[in-house]
Structures are given as structure tokens and as C-alpha cells.
Amino acid sequence: MPPTPPAALDGVRVLDLSRVLAGPWATQIMGDFGAEILKIEKPGAGDDTRHWGPPFLTTPAGEEGDAAYFLAANRNKQSLTIDFAKPEGAALVRRLIPHCHVLVENFKTGGLTKYGLDYESVRALNPALVYCSITGFGQTGPYAKRPGYDYIIQGMGGLMSLTGEPHGEPMKSAVAVADLFTGMYAVTAVLAALRHAERTGQGQHIDISLLDSQVAMLANLGASYLLSGQTPQRLGNQHASIAPYQVLPTRDGHIILAIGNDGQFRDFCSAAHVTLADDPRFADNEARVVNRADLTAALALIMSGRTTAEWIAALEQAQVPCGPINTLEQLYSDPQIVARGAVHDMTRADGAKVRLAASPVRMTATAPSPRLAPPLLGQDTDAALRRLLGVDDEALRKLRDAAVI
């Protein structure tokens, strides 16, 4: 067999001081692309999300293992348990700095200064280091010292004001989108900073916040307000600028119609054997948006005449964008998901089997790969400290006796 080509981030070592979701999501992505991730965790406890369940993994010994939450964001990492709240632990982490290219942390603004692990302190140890700070509100501004959580940011950042039924309660997303988008932005920033460091030998401090990321991801809705000064209103499952672009009931469930232009609407009417496209109220998208209530009432009556599967078969034949609303059981058994290899099986160091969502990235030369299952707490501490710092068995014993590792 030909040798396996190096991964895209092969040779990049990341010191991961983050926990919960935004930071771990970012470092998992870097790990997927081949970076070596040294996840620093508190001895005996670890990342908070190891305990955020149920559900929990059952170990081969029949005991309760780590939570699914932790498993979702921590593959392709090594776990080192070091208590850097103790001076000896902080010194140990500082010794790792010269061996790393990236540091990711999500402590409150200024929270690492007392350990000598803030950017100004570690820059002296490694001028080329890319140091990424992820916080709720950023390093500056009146809210800089506040703790930030995804739920709060979805509310403060405008997303919840736009999500939910028009006369109902504002709703958060079921998935922690502020955390996840922040993690994605963090990866993008780190890669750009690494490119700069390669050219110049100089690292930099990346300041990225959940609130800034949430504001950026408002996209067209944010731009609409900035352009018009008019506050977008909650529309439930409908779209502010396109119609019909919504959920509709069928004979046995629901379907999503995502009709993006007038030609598709005419194709829909032809497939549905109706003449709505000839009605001046619905002849073009602007008219359909203005007359949204009448259109929805007409479509609800039409769509209730067939099952979801019958509609999808007919509309896909007519090339009209539509789709079902899958449960997760339906999703993971969908033939497209199976064909794309969107789920992979991994085995942890204790033999426990886990099924995890794969990286969504497909590349012809340096595809991301699931090399390492989410680590057991502290499983790599001794090996990493021996390999990188030359710590011998006696020193490891003393550190462990002092509860530093």
C-alpha cells in the first residue's frame, strides 16, 4: 500500500485549555485536519461536559462513562490532566508552550493572568505562538468581564427575537449555534494566523467572542435591519423574503416547501395540478410575500390531499425543492447519510465503542480522518510529558503524589 499522505495540519501542535463547547469544537476541527491536540484537563474532574448527561456511555466494565456531550466535541485529542491552579502545574503548562504552535482558551477575560498563562506572558516563551481567546463578550467593552453562555448570547445577540411563532415565546435553537459558529470562526482565524506566523515568525492574539459571532451570523436578517431600520418579525417556519418557503401539513405529517423563484412556483403548480400561478396575488414572489396568509391557506388545503412521501416523489420529479422533517432515527438511516459516511464507529482506550458524526469536509488529498476516539480523562498525561518535556518516572510520581497531574 502507498504511504498515507500527511494530513493538512500535520506538524501543528495545539495546546487546548478550553472546555465545554465553543473551544473544544474548534480544536476538534483542527484535530480532524491532523493537528496534534493536547487537551489540558483538571485531574479527577476533567471537562465539565464529561458529566453533562444523561445519556452516558457505558464502559466495557458496565460502569457509567463520559456523557454524549463530551464525546461529540473531543475526538482526535490527547487528554493531559494538569492542575495549573497549582504553581507546579502552571509551570508544567508553561514548559509546554515552546513546543506548541497554537493555544486555545476560553476562560473569562483575564482569567489566566494569575497563572502566567495569559498572552503577554506566554508570548515571551514562544513569539510565534497563535493564541486564541474565546469568551462570551470579548476582551474589551463594558461586558468584557461577564461570563457568556450560548443561551444568553442567542437572546442578547438577536437570534431569539427572530425565532419562534409570531405570537408565541421567543425560541432558542435546539443546537448551541452561537457556540458552534464561534468555534468555526475560531478555526478560520487560527488558520489565517498560522499562515501569518509561517511567513513572519510572529504569532498573535485572537480575540473572538460568542456575541460578536452571533451578530455576524445574523447575515441577511441583520443586513435587512441595517439597510431599512425595520425590525424583522418572527415568522415561525416561514421566510421573511420568500414564499412559499415554509412547513406545510400533509395527509400524514409535514413537508418543507423551499420554492425560491417564480419558475419553481409554476413547476409546483403544474405538479400539484392547481392554477395558483395564474392568480395575480401569487404570480411573482413579491406578490406571494405580500399575500402570504392567503397563499398559506390555499397551500394547506392542497397539501393535505397527499402523504408526505407522495408529495416528495411528485415534486422531486418536477425539480421543485422540498423535503421531509426527519427524526434523528430517520436521519441516521437515510440512504444519503449512509452513502456519505456521515457517521463513523470508534473504539476508546478502554474498549468502549462509540458512534459519532464524521467531519462534513470531503477533500481529495488531505481529507480529515477520525484517528483518535475521544480520550479517557488523563490517558495521555504520562506519555506526552515524557515525550515533550523529558519528564521521568520519578518526577511523574512526585507530580501525581502532589495532585498536580
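Quick caveat, the model's predicted, so the values are computed rather than measured. (Residues numbered from 1 in each chain as written. Predicted model: local features only at pLDDT ≥ 70, side-chain atom pairs only at ≥ 80, totals over all residues. Heavy atoms only, no water.)

Caption draft 1: Just the nonpolar core, in detail. Counting 31 residues, the largest nonpolar core has L15, L17, I40, I82, F84 and L385 as the members making the most contacts within it. Secondary-structure elements contributing two or more residues to this core are β1 (13-17), β2 (36-41), α3 (87-96), α4 (119-123), α16 (381-389) and α17 (393-401). Setting aside anything within four residues of it in sequence, one finds L17 in contact with I40, F84, V93, L103, V104, E105, N106, F107, L112 and L117. Among the nonpolar cores identified, the runner-up in size contains 27 residues, and V130, I153, A178 and L210 belong to it. (Core = buried A, V, L, I, M, F, W, Y, C linked by side-chain atoms within 4.5 Å. Buried < 20%, exposed > 50% of the residue type's maximum accessible area, 1.4 Å probe, protein only. Helix = DSSP H or I, 4+ residues; strand = E, 2+ residues; numbered from the N terminus. Contact = heavy atoms within 4.5 Å.)

Caption draft 2: Broad picture of the sheet that holds β2. Strand order in this open sheet of 6 strands is β5-β2-β1-β6-β7-β8, and the pairing throughout is parallel. A single partner strand is all that each edge strand has here, and the edge strands are β5 (78-81) and β8 (204-209). On average, each strand axis in the sheet is inclined to that of its neighbour by 20 degrees, with strand direction left out of account. Sheet strands in contact with α3 are β1, β2 and β5, and its direction is about 155 degrees off that of β1. (Pairing = 2+ DSSP bridges. Axes fitted to C-alpha atoms, helices over the stretch in contact; angles between N-to-C directions.)

Caption draft 3: Structural detail: the sheet that holds strand β10 (residues 254-258). Read from one edge to the other, the open sheet built from 3 strands follows the order β9-β10-β11, with strand pairing classed as antiparallel. If you trace the sheet from one side to the other, it starts and ends with β9 (245-249) and β11 (322-323), each paired once. Note: β9 against β10, 5 bridges, orientation antiparallel. Bridged to V247 within β10 is I256. Taken strand by strand, helix α12 (residues 292-303) contacts β9 and β10, and its axis lies near 45 degrees from that of β9. The strands that helix α13 (residues 308-317) touches are β10 and β11; relative to β10, the one it contacts most, it runs at about 25 degrees.

Caption draft 4: Expanded view of the pairing of strand β7 (residues 130-135). Burial of β7 is extensive: 6 of the 6 residues sit out of reach of the surface. What you see with β7 is no split at all: V130, C132 and I134 on one side and Y131, S133 and T135 on the other are buried throughout. As paired strands, strand β6 (residues 102-105) and β7 are joined by 4 bridges and run parallel to one another. Among the inter-strand pairings, L103 is bridged to a residue of β7, identified as Y131.

Caption draft 5: Representation of the pattern of salt bridges in the model. A full pass over the atoms with the stated rule returns 18 salt bridges. Across the pair K39 and D47 runs a salt bridge whose closest N-O atoms are separated by 2.9 Å. D47 matches K39 in its accessibility class, with the two residues each being buried. A salt bridge links D393 to R386, with the shortest nitrogen-to-oxygen separation between them at 2.7 Å. A relative accessible area of 39% places R386 in the partly exposed class. One salt-bridge network, held together by shared partners, links E41, R50, D66 and R348. (Salt bridge = Lys/Arg side-chain N within 4 Å of Asp/Glu carboxyl O.)

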